[in-house]
Amino acid sequence: VANYLFPLVSVNKEGGKIPQFTKEAFKIYNTERAIRADSNRINPTVNTTIDFVLTEHDLEYPMDYREINEDMLNLKMHATNVVTDAIALRKEKLCANMAQLATNYASTNKVTLAAADQFDASTSDPIATIDTARSAVRSQIAKNPNVIVMSNAVFVALKNHAAITDKVKYTQHAVVTAELLRQLLQFDALYVASAVYEDASGVLQDVWTDSVVLAYVPEAKQSRSFYEPSYGYTLQMKNYPLVDTYDEKGKVKVVRNTDLFVPKIVGADAGYLIIDCLS
């Protein structure tokens, strides 16, 4: 789900600066003008900037000519999928670590739930908790967060919580789906983050832990600009990723995927982190 919190923006250089967003668009300006008077001029807010340096991510997959000759399932396509998915999983982990790091948020934009308020406790009111988070973001940027991301474990707890099931039991829906929960919580998009990775001991772990992230992210369109206010962006070199092949030692063909990107939180006020959602 990384691309939904940190949508892609193309850049032409491997490093530079991007603006950190201000609230000048929400100020009340003097707009009335008398005849022959000068135009009313805005005194632009001095924008602070965020430095960025793109990181190269590169993986390759070797195929022996004998494997290729015996391939029944298109080994080259499999190799391409493996290197592409592996880089995508790496990006997912980078974005998840950043989005779930409490120090990236001001005290007004995060909460650690007490035991009685955790979403798997019968005493909790998750709808009220999420509404409080929504109001906190709106008070900072004058817009409601439109995207909510939660781990699979948190989604399971919410869809079975009495506060949720009581609101839908008289509808025709017998099961609380992600789409139904999205409508109930009043977000434009709700994403259940289900990605897993294998740790050093060979055990599968969830990339997203027991947390919820609310964020304002501009609507998807043909192209985005980092001048648009947003919770975060993934800055990616224009015309990347690149997938190519080359021969090695005459008998080995290698499929390679190269990408240049870096995810950045560019408007922390546009996000809210709910920590320790489960006991």
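Values in this document were obtained by computation on a predicted structure and should not be read as measured data.

Basis of the calculations
Residues numbered from 1 in each chain as written. Predicted model: local features only at pLDDT ≥ 70, side-chain atom pairs only at ≥ 80, totals over all residues. Heavy atoms only, no water. Helix = DSSP H or I, 4+ residues; strand = E, 2+ residues; numbered from the N terminus. Expected span 1.5 Å × (residues − 1). Buried < 20%, exposed > 50% of the residue type's maximum accessible area, 1.4 Å probe, protein only. Contact = heavy atoms within 4.5 Å. Phe/Tyr/Trp six-rings, centres within 6.5 Å; stacked < 30°, edge-to-face > 60°. Lys, Arg positive; Asp, Glu negative; His and termini not counted. Salt bridge = Lys/Arg side-chain N within 4 Å of Asp/Glu carboxyl O. Polar contact = N/O pair within 3.5 Å; in protein donor to acceptor, adjacent residues only side chain to side chain. Pairing = 2+ DSSP bridges. Axes fitted to C-alpha atoms, helices over the stretch in contact; angles between N-to-C directions.

Peer 1: Now, about helix α4 (residues 126–141): what can you tell me, with residues and values included?
Peer 2: An ideal rise of 1.5 Å per residue puts 22 Å on 16 residues; α4 measures up with 23 Å between its terminal C-alpha atoms. All buried positions along α4 are accounted for by P126, I127, T129, I130, A133, R134, A136, V137, Q140 and I141. Tucked into the core, α4 has its buried residues touching β6 (147–151), α5 (152–159), α6 (162–168), α7 (178–185), β10 (212–215) and β14 (271–275). Phi for A142, located one or two positions after α4, is positive at around 65°.

Peer 1: Explain the packing of aromatic side chains residue by residue, including any values.
Peer 2: We describe a pair of aromatic rings using the distance from one ring centre to the other and the angle between the two ring planes. Going through the model one piece at a time under the given rule, you end up with three aromatic pairs. When the ring of Y4 is compared with that of Y191, the centres are 3.8 Å apart and the planes differ by 5°; the resulting orientation is stacked. Of this pair, Y4 sits in helix α1 (residues 2–5) while Y191 sits in strand β7 (residues 189–193), placing them 187 residues apart in sequence. Overall, the relative accessible area of 41% leaves Y4 in the partly exposed class. Seen from their ring centres, F6 and Y231 are 5.5 Å apart, and the 55° between their planes marks the pair as tilted. Of this pair, F6 sits in the loop between α1 and β1 (8–11) while Y231 sits in the loop between β10 and β11 (232–237), and the two are 225 residues apart along the sequence. Each of the two residues, F6 as well as Y231, counts as buried.

Peer 1: Describe the side chain of E92, with residues and values.
Peer 2: Secondary-structure assignment places E92 in helix α3 (residues 75–99). Buried within the structure, E92 lacks any salt-bridge partner; K91 is the closest side chain of opposite charge, at an N-O distance of 7.6 Å. Here A2 takes part through its backbone nitrogen, which lies 2.9 Å from a polar atom of the side chain of E92. Setting aside anything within four residues of it in sequence, one finds E92 in contact with V1, A2, A195, V207 and W208.

Peer 1: Pulling in residues and values, what's your account of the sheet that holds strand β5 (residues 110–112)?
Peer 2: Strands sit in the order β5-β14-β10-β6-β7 across an open sheet of five strands; the sheet is mixed. Two strands lie at the open edges of the sheet, namely β5 and β7, each paired on one side alone. The sheet shows a mean angle of 10° between the axes of neighbouring strands, direction not considered. When β5 meets β14, the two strands line up parallel, connected through three bridges. Within β14, the residue paired with K110 across the bridge is L273. Its contacts with the sheet put α4 on β6, β10 and β14, and the angle it makes with β14 is roughly 150°.

Peer 1: Account for the pattern of salt bridges, with residues named and values stated.
Peer 2: In the structure shown here, the tally under the stated rule is five salt bridges. A salt bridge links D51 to K17, with the nearest nitrogen and oxygen atoms 2.6 Å apart. One end of the pair, D51, is in strand β3 (residues 49–53); the other, K17, is in strand β2 (residues 15–19), and 34 residues separate them in sequence. Classification of D51 by relative accessible area gives partly exposed; the value is 46%.

Peer 1: An account of the side chain of S124 is requested, with residue identities and associated values reported.
Peer 2: Position of S124 among the secondary structure elements: in the loop between β5 and α4. You can call S124 buried: its relative accessible area is 7%. A polar contact of 2.8 Å, which involves the side chain of S124, links it to the backbone oxygen of A121. A polar contact of 2.8 Å, which involves the side chain of S124, links it to the side chain of H161. Setting aside chain neighbours within four positions, we find S124 in contact with A116, D117, Q118, F119 and H161.

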